[in-house]
Amino acid sequence: MARITLEWEGDARGIPHVLHAIGTGPGGDSVATVATQTPSPVTGPTLVAGARAARTTIYLKLLMALSGLFFVGFVLTHMYGNLKAFAGHDAFNAYAEHIRTLGTPFLPYSGALWIMRVLLIASLVVHVACAAALWRRAKQARTVRYQVKKHTGAIFASRLMRWGGVTILLFVIWHLLNFTIGKVNVQGGPTNDPYNLLVDTFDTWWLTLIYLVAMAMLGAHLHHGTWSAFQTLGLTGTARARTRAKRLAFVLAFVVTVGFSIVPIFVLAGVISK
Amino acid sequence: MKVTLKIWRQPDAASDGAMHTYEVDDVSEDMSFLEMLDVLNEQLNARDEEPIAFDSDCREGICGMCGLMINGEPHGPEVTTTCQLHMRSFKDGDEIVIEPWRADAFPVVKDLCVDRGAFDRIIQQGGYISVNTGAAPEAHSIQVPKEAADRAFDVATCIGCGACVAACPNGSASLFMGAKITHLGELPQGQAERDTRVVSMVAQHDHEGFGGCTNIGECTAACPKEIPLDVISQLNKDLRTALQHGH
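All figures in this text were calculated on a predicted structure; none of them were measured in a lab.

## Examining the packing of aromatic side chains
Across all of its chains, the model carries 13 aromatic pairs over all chains by this definition. Between F250(A) and F254(A), the aromatic rings sit 6.3 Å apart at their centres with planes inclined by 20 degrees, giving stacked as the arrangement. In this pair, F250(A) and F254(A) both sit in helix α7 (residues 239-268), 4 residues apart, roughly one turn of the helix. Take F250(A): its relative accessible area is 46%, and that puts it in the partly exposed class. In textbook terms, an aromatic cluster arises when at least three aromatic residues are bridged by ring pairs, as seen for F171(A), F179(A), F202(A) and Y211(A). A cation over a ring is seen here: K246(A) above W227(A), with NZ or CZ 4.8 Å from the ring centre. Note that R102(B) overlies the ring of W8(B), its terminal NZ or CZ placed 4.1 Å from the centroid.

See the structure below:
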């Protein structure tokens, strides 16, 4: 009884390459090659199975957008508090005290403040962790760089997001050491009076300079970041909505930069003084 | 006119590449960019040198096969494909730097040719609608509003050339995906698989090693088909909606 069996022969890497038909009969075996196939690479491309929306890069971007918009709310509130410096010593210090008594007696003293602090720290962890993950991915996505690369269509602020973000983070640490955790008065004056600490700090030209550089970075970050957040949340689906979001982002960045900067500038100019 | 070309040469995927300089004389301003490269290759052939490998197919701007990084811009200085770029966009004596698309998800095959199979696999993960075969249904049985049909058609002009990835500082393919998601999402036939489509395509995109989008907009500036940035907003919105639907 004659029999035909089919058998793959592997290539050098053991991947099926040549198909042999082996005929077995009374007169002995005969072998014929009936097909060959181009071997696939050892580590070939694969398709993802079981995809989840929460494991995508867009999910990380959504987290960045939401935490970022929370920060926008915070800087606007903070700016409002700072501008109280124009109302004088007592008004500024009363505002600082009001933040601590907010919600009392329902909340304990400083309760609302601590809720805000916890939310801000949580947002910061999310924002920075997602940014770091996406930064690393972007680095890995193009390991061989171009010899020549133009940046047609990009605004400068958009290319400043990552290092600008690092600058803002360093400033925030410095700023908290200056005014909240460490309470450093470089002029040697008291540190338990918020208004006087503010005036003593920004009367020092280099502290004002650091502050202004940081505010310029914050402005650039908000200019691109705010529009980017709207885009990531999927709220800019038309050309009109896109223009509106970009305009809003610019106005917000401008207001925040100017609103924060005028306090130290007016301290240095002697308009806000003890 | 005469041009000096600095071209990336790389014998195969496994070898290292380097920039090589070539001079081409007697270039007519009516030549397309690829015809100018054809002239150079004729000269290289005559000198028994290996011609420069580059992709091209239709040479009329509709297939998406060609794509070169020319002086730091995908498809060069005009808003069109490389095959539709003409030498009149350059001046006599110009130095032109030509590189392949740079993205780890688009590995160089040889010289200026890259493997864009990653795009095919993204499409494989949902860039289609599943329909049963059979007789073609009556075209008027499903009504599509004019605005939706127009938007779907406009973004369906994406030819998958990869210029968006080449331009993106993050090496992201979000504009490409956004075009496909918007195209199918605008049409009634695309609704059934809308949620799974976006999740699977984005997961494949990430798996291929493309970067995340930071909404910089260099992609849309480089796109020969002028796909607008709002398709990325649509992509993000569809993913957010899929997330809310539990996908």
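Read on for the rest.
## Things to note about the side chain of D94(B)
Its location among the elements puts D94(B) in the loop between β4 (73-74) and β5 (95-99). Ignoring anything within four residues of it in the chain, the contact list for D94(B) reads K2(B), V3(B) and T4(B).

## Concerning the sheet that holds strand β2 (residues 16-25) of chain A
All names here are of chain A. With respect to topology, 3 strands assemble into an open sheet ordered β1-β2-β3, the strand pairing being antiparallel. The two strands at the open ends of the sheet, each matched to only one other strand, are β1 (3-10) and β3 (28-36). Adjacent strand axes in the sheet meet at a mean angle of 25 degrees, parallel and antiparallel pairs treated alike. Of the strand pairs in this sheet, β2 and β3 are connected by 8 bridges, and their pairing is antiparallel.

## Remarks on helix α2 (residues 89-101) of chain A
All names here are of chain A. Spanning 13 residues, α2 covers 19 Å between terminal C-alpha atoms, matching the ideal 18 Å at 1.5 Å per step. Among all positions in α2, only F92, N93, Y95 and A96 are buried. The arc enclosing the buried residues of α2, seen along the axis, measures out at 150 degrees, which places them on a common side. Turned more than 90 degrees away from the buried face of α2 sit D90 and H98, all of them exposed. Of the surrounding secondary structure, the elements contacted by the buried residues of α2 are α1 (57-83) and α5 (194-202). Note on α2: the residue one or two positions beyond its end, G103, has a positive phi of about 85 degrees.

## Examining the confidence of the model for chain B
Residues of chain B with pLDDT of at least 70 account for 100%, and the chain-wide mean is 96. Quick note on the complex model: pTM equals 0.89, ipTM equals 0.93.

## A look at the domain arrangement of chain B
Residue and element names in this part refer to chain B. In terms of domains, chain B is made up of domain 1 (3-110) and domain 2 (117-244). One C-alpha centre belongs to domain 1, the other to domain 2, and the line joining them spans 29 Å. Listed by partner, the interface residues are 15 residues for domain 1 and 18 residues for domain 2. When the two sides are added together, the surface that domain 1 and domain 2 hide from each other amounts to roughly 1200 Å², 68% of it contributed by carbon and sulfur. Among the residues domain 1 hides against domain 2, the three largest losses belong to V79, A105 and F106. Together they make up 38% of the total. Where domain 1 meets domain 2, there are 0 salt bridges. The interface formed by domain 1 and domain 2 contains 2 residue pairs in polar contact (both at pLDDT 80 or more). Among the residues forming the side of domain 1 that touches domain 2, the class breakdown is 10 nonpolar, 5 polar and no charged.

Rules and cut-offs
Residues numbered from 1 in each chain as written. Chains lettered and ligands numbered in written order. Predicted model: local features only at pLDDT ≥ 70, side-chain atom pairs only at ≥ 80, totals over all residues. Heavy atoms only, no water. Phe/Tyr/Trp six-rings, centres within 6.5 Å; stacked < 30°, edge-to-face > 60°. Helix = DSSP H or I, 4+ residues; strand = E, 2+ residues; numbered from the N terminus. Buried < 20%, exposed > 50% of the residue type's maximum accessible area, 1.4 Å probe, protein only. Lys NZ or Arg CZ within 6 Å of the ring centre and 35° of its normal. Contact = heavy atoms within 4.5 Å. Pairing = 2+ DSSP bridges. Axes fitted to C-alpha atoms, helices over the stretch in contact; angles between N-to-C directions. Expected span 1.5 Å × (residues − 1). Arc of directions from axis to C-beta. pLDDT = per-residue confidence, 0-100. Domains from an automatic or database assignment. Buried area = accessible area lost by both parts, 1.4 Å probe. Salt bridge = Lys/Arg side-chain N within 4 Å of Asp/Glu carboxyl O. Polar contact = N/O pair within 3.5 Å; in protein donor to acceptor, adjacent residues only side chain to side chain. Nonpolar A, V, L, I, M, F, W, Y, C, P; charged D, E, K, R; others polar.

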